[in-house]
Amino acid sequence: MSDAAALPGQPRGLVVSGPATARAVNVLAPNPSAMTLDGTNTWLLSEPGSDLAVVVDPGPLDETHLRHVIETAEKLGKRVALTLLTHGHPDHAEGAGLFAELTGTPVRALDPALRLGDEGLGAGDVVSVGGLEVRVVPTPGHTSDSLSFHLPADRAVLTGDTILGRGTTMVAHPDGRLGDYLDSLRRLRSLTVDDGVHTVLPGHGPVLEDAQGAVEFYLAHRASRLAQVETAVENGHRTPSEVVAHVYADVDRSLWPAAELSVRAQLEYLKGRGLV
C-alpha cells in the first residue's frame, strides 16, 4: 500500500462524500470511469453559519445525483443560491440546466453558452454569497473555458480538471492549448506561494493536502512528456498516433484517445516554437 504522504500532492485517501474543509463539502457523482476516476466531485460551498450555499459543477445529467446535492445542502441547513462551472465538459456541466430548474437559481460560467442568467465569470471576479468569498482564477489549457475557484478563507483552490486528485489530466486539443495550460499551472503555483493555498479540491479524485507539491509535480510531468514527444518525433514517429504508441506505451490503452489529444497539443506547442 502506498503512503499517501509520499504521493504527489499528498492525497487525503479515499474519495468520499462529506466535508473537505470548513467551507467545502463533496457530493460524489455516481459516474466513475477511467476518465472520471471515482466520479465527478460536486462541491457544495458555504460560509459557516450561513443558510446559503454555492454549488460548483453539479455534474452529469443524473436527476438522482442532482437531488442528492440539494438534499445534502438542506440537511446542513443550507439553500442553494448559485451554481458555478469550472468548464463545460458534460461530466461537470451537463446537469447544470436541470439543477438550475430544481433550485430556481442561476448558473455562472466563463462560456456564455453555459450560463443561465445575466452574469458570467471572468478573471478577477469575486463571488460573494452569504458571507462566502470565492475568487475566480482563469486556468485555461485543459479547455479554453477552464476556471479555478480560490477559497481564501480555507486556503484552498477548486481546480476542476486542471489538477486532479490522482494521476494527470489531458490537454483537450484543439480547444485546449499546452502553452495556456503551462501558464495556468504557474498561476496556481503563485497561489500556493503568494496566497498560502495548501489544499486542492479537484474535480475528480481525492483532496490534495500539498497544493504546491501537486503543481510542481504537474509542471515536471509536462516537461518530461514534452521532451519525450520531441525525442519521439526526432526518431521518426511523425503522426500523433505513432507518438502515443511510443511515449504512452505504459499507459492503459483505453486512455490512448485522450493521450492523443494531449500529444496533438504538445506537437502544436513544439511546432510553434520551431522545435519539430
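It should be emphasised that the depicted structure is a prediction, and the values quoted were computed from it without experimental measurement.

1. Focus: the overall build of the chain
Turning to step 1, where the next piece is worked out: Broken down by element type, the chain carries seven helices and eleven strands.
Turning to step 2, where the next piece is worked out: Taken against the 2.2 N^0.38 rule, which gives 19 Å for 276 residues, the C-alpha radius of gyration of the chain at 19 Å falls within 12% of a compact globule.
Turning to step 3, where the next piece is worked out: In terms of its C-alpha atoms, the chain occupies a principal-axis envelope of roughly 60 × 40 × 35 Å.
Turning to step 4, where the next piece is worked out: Burial analysis of the chain (276 residues in total) assigns 52% to the buried set.
Turning to step 5, where the next piece is worked out: Long-range contacts, defined here as pairs at least 24 residues apart, represent 62% of the contacts in the chain between residues at least 6 apart.
Turning to step 6, where the next piece is worked out: Taken as a whole, the chain presents about 11,900 Å² of accessible surface, with 51% of it coming from carbon and sulfur.
Turning to step 7, where the next piece is worked out: Here the chain contributes 22 positively and 35 negatively charged side chains, and the mean placements of these two sets differ by 3 Å.

2. A few points about unusual backbone geometry
Negative phi is the rule for most residues except glycine; trans is the rule for most peptide bonds.
Turning to step 1, where the next piece is worked out: Between His173 and Pro174 the backbone carries a cis peptide bond, its omega angle lying at 5°.
Turning to step 2, where the next piece is worked out: Turning to its location among the elements, Pro174 is positioned in the loop between strand 10 (156-160) and helix 4 (178-194).
Turning to step 3, where the next piece is worked out: Even without a glycine there, the phi angle at Gln10 is positive, about 55°.
Turning to step 4, where the next piece is worked out: Residue placement: Gln10 occurs in the segment before strand 1 (18-19).
Turning to step 5, where the next piece is worked out: Relative accessible area serves as the criterion here: at 32%, Gln10 is assigned to the partly exposed category.

3. Some words on the packing of aromatic side chains
Turning to step 1, where the next piece is worked out: Inspection of every chain in the model, using the stated rule, returns one aromatic pair.
Turning to step 2, where the next piece is worked out: Centre to centre, the rings of Phe217 and Tyr218 are 6.1 Å apart; their planes meet at 80°, and the pair counts as edge-to-face.
Turning to step 3, where the next piece is worked out: Residue class for Phe217 comes out partly exposed when judged on its relative accessible area of 32%.
Turning to step 4, where the next piece is worked out: Geometry around Tyr248 places Arg225 over its ring, the cationic atom sitting 4.2 Å from the centre.
Turning to step 5, where the next piece is worked out: The positively charged end of Arg273 is found above the aromatic ring belonging to Tyr269, 3.7 Å away from the centroid.

4. With respect to the side chain of Asn31
Turning to step 1, where the next piece is worked out: Position of Asn31 relative to the elements: it lies in the loop between strand 2 (24-28) and strand 3 (41-45).
Turning to step 2, where the next piece is worked out: Residues in contact with Asn31, not counting those within four places in the same chain, are Thr36, Gly39, Thr40, Pro60 and Asp91.

5. So, the packing of helix 6 (residues 240-247) against helix 7 (residues 256-272)
Turning to step 1, where the next piece is worked out: Two elements in contact, helix 6 and helix 7, have axes separated by 9 Å at closest approach and are oriented at 110°. Between helix 6 and helix 7, the crossing angle belongs to the class labelled roughly perpendicular. Relative to helix 7, helix 6 is oriented so that their crossing is right-handed. Contacts from Pro240, Ser241, Val243, Val244 and Ala245 in helix 6 reach Trp256, Ala259, Glu260, Val263, Arg264 and Leu267 in helix 7.

6. Section: the sheet that holds strand 9 (residues 147-151)
Turning to step 1, where the next piece is worked out: With mixed pairing, the five strands of this open sheet are ordered in space as 7-8-9-10-11. Edge strands, defined here as strands with exactly one partner in the open sheet, are strand 7 (126-129) and strand 11 (199-202). With direction set aside, neighbouring strand axes in the sheet form an average angle of 25°.
Turning to step 2, where the next piece is worked out: Pairing of strand 10 with strand 11 involves four bridges; the strand directions are parallel. Bridge pairing in strand 11 places Val157 opposite Val200.
Turning to step 3, where the next piece is worked out: Against the sheet, helix 4 engages strand 8 (132-138), strand 9 and strand 10, with an angle of about 145° to strand 8.

What counts and what doesn't
Residues numbered from 1 in each chain as written. Predicted model: local features only at pLDDT ≥ 70, side-chain atom pairs only at ≥ 80, totals over all residues. Heavy atoms only, no water. Helix = DSSP H or I, 4+ residues; strand = E, 2+ residues; numbered from the N terminus. Rg over C-alpha atoms; globule rule 2.2 N^0.38 Å. Buried < 20%, exposed > 50% of the residue type's maximum accessible area, 1.4 Å probe, protein only. Contact = heavy atoms within 4.5 Å. Areas by Shrake-Rupley, 256 points an atom, 1.4 Å probe, with all protein chains shown as cover. Lys, Arg positive; Asp, Glu negative; His and termini not counted. Charge placed at Lys NZ, Arg CZ, Asp CG, Glu CD. Phe/Tyr/Trp six-rings, centres within 6.5 Å; stacked < 30°, edge-to-face > 60°. Lys NZ or Arg CZ within 6 Å of the ring centre and 35° of its normal. Axes fitted to C-alpha atoms, helices over the stretch in contact; angles between N-to-C directions. Parallel < 35°, antiparallel > 145°, perpendicular 65-115°, else oblique. Left-handed = near helix turned anticlockwise from the far one by under 90°. Pairing = 2+ DSSP bridges.

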